[in-house]
Amino acid sequence: MKRFFVAAFVLVVAACTPQPDTSEAEAVIRDLYATVEEHIGRVSTPLDAIPMTDELASLTSRAQVAALARNEPFIEGDIAANCQDCTSISGLEVGPQTGPEPVPAAEGHVMLEARFTLNGNEPRAVLYDMVETPQGWRIDNILTDGFNLRTEAQSYLDDSAEPADETPAP
């Protein structure tokens, strides 16, 4: 009987624990999509227009340098709009993730999902790993189907650390 009351108490406390206020984090994502709308159809949203944590900004900056050294683009397309050569975006909704298998948020982080339609008929979703910093809410990772910004950036750095194939002497 005591176990029942303890379990009930734990459930009540968990249900009463306030959820973090994500309205400011959602506003950051909405502001980002205002920038996306300014650029869409002309150029990809610049990475420096994305309010990243210092760590993610450093990682992506170093990955861009590594990609340039190999004469490759770091990212082809617009990571915020999850597209390449897209022309329009509409129906933006920002809120908690809605996918069937939610990505867990690390302690102190909040996962937000931006859902929208591209080019009038292509539904898209982008998941943002957000963390509150002294500068306000910042993006600590961007995830879409088959894409993880941190993983992609780290792979460029890992690849650039590998020794180049030596050309045999004639």
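Keep in mind that what you see is a predicted model, and the values were worked out from it rather than measured.

Student: Hey, could you run me through the pairing of strand β4 (residues 136-144) in this one?
Tutor: Two faces, one strand: in a regular strand the side chains alternate between the faces of the sheet. Among the nine residues of β4, seven are classified as buried, and the element is accordingly described as predominantly covered. Both strand β3 (residues 122-133) and β4 contribute to a ladder of seven bridges, which runs antiparallel. Bridging from a neighbouring strand, Glu132 pairs with Trp137 of β4. In sequence, β3 turns back onto β4 through a hairpin of two residues. Note: β4 against strand β5 (residues 147-148), two bridges, orientation antiparallel. Within the sheet, the bridge partner assigned to Thr144 lies in β5 and is Phe147. Between the end of β4 and the start of β5, which pair antiparallel, lie two residues, with Gly146 showing a positive phi angle near 75°.

Student: What should I look at first to understand the state of the cysteines in this one?
Tutor: By definition, a disulfide links the sulfur atoms of two cysteines through a covalent bond. This structure, assessed with the given rule, holds one disulfide. Bridging Cys83 to Cys86, the disulfide has an S-S length of 1.8 Å. The class of Cys83 is buried, set by a relative accessible area of 10%.

Student: Sorry if this is basic, but what is going on with the sheet that holds strand β1 (residues 89-96) here?
Tutor: Sheet strands associate in pairs through backbone hydrogen bonding, adopting either a parallel or an antiparallel arrangement. Reading across from one edge, β1-β2-β3-β4-β5 is the order of the five strands in this open sheet, with antiparallel pairing throughout. Both edges of this open sheet fall to β1 and β5, since each of them pairs with a single strand only. Looking at chain direction, strand β2 (residues 109-118) and β3 are connected through 10 bridges and run antiparallel. What sits directly across from His109, in β3, is Val131.

Student: Honestly, the pattern of salt bridges in this entry has me stumped. Any pointers?
Tutor: When the charged atoms of two side chains lie near each other, side chains of opposite charge can form a pair. A full pass over the atoms with the stated rule returns six salt bridges. For Glu55, the salt bridge is made with Arg150, and the minimal N-O distance between the two is 3.4 Å. Placement of the pair is Glu55 in helix α3 (residues 54-69) and Arg150 in helix α4 (residues 149-161), with a sequence separation of 95 residues. Between Arg115 and Glu93 there is a salt bridge, with the nearest N and O atoms lying 3.9 Å from each other. Here the residue Arg115 occupies a position in strand β2, and Glu93 occupies one in strand β1, the gap between them amounting to 22 residues. Salt bridges linked by common partners bring Glu55, Asp140 and Arg150 together as one network.

Each value, and the rule that gives it
Position numbers for residues start from 1 in each chain and track the written sequence from start to end. The predicted nature of this model means local features are confined to residues of pLDDT at least 70 and side-chain atom pairs, given and counted, to a pLDDT of 80 or more, with totals for whole chains, interfaces and linings taken over all residues. Side-chain descriptors were evaluated using all non-hydrogen atoms of the structure, hydrogens and water having been removed beforehand. Accessibility here uses a 1.4 Å probe with only protein chains present; expressed as a share of the type maximum, an area under 20% marks a residue as buried, one over 50% as exposed, and anything in between as partly exposed. Here a helix means four or more residues in a row that DSSP labels H or I, a strand means two or more in a row labelled E, and each is numbered from the N terminus. For two strands to be treated as a pair, DSSP must find no fewer than two bridges joining them. Cysteine sulfur pairs qualify as disulfides if the two atoms are within 2.5 Å. Here, a salt bridge means any Lys or Arg side-chain nitrogen found within 4 Å of an Asp or Glu carboxyl oxygen.

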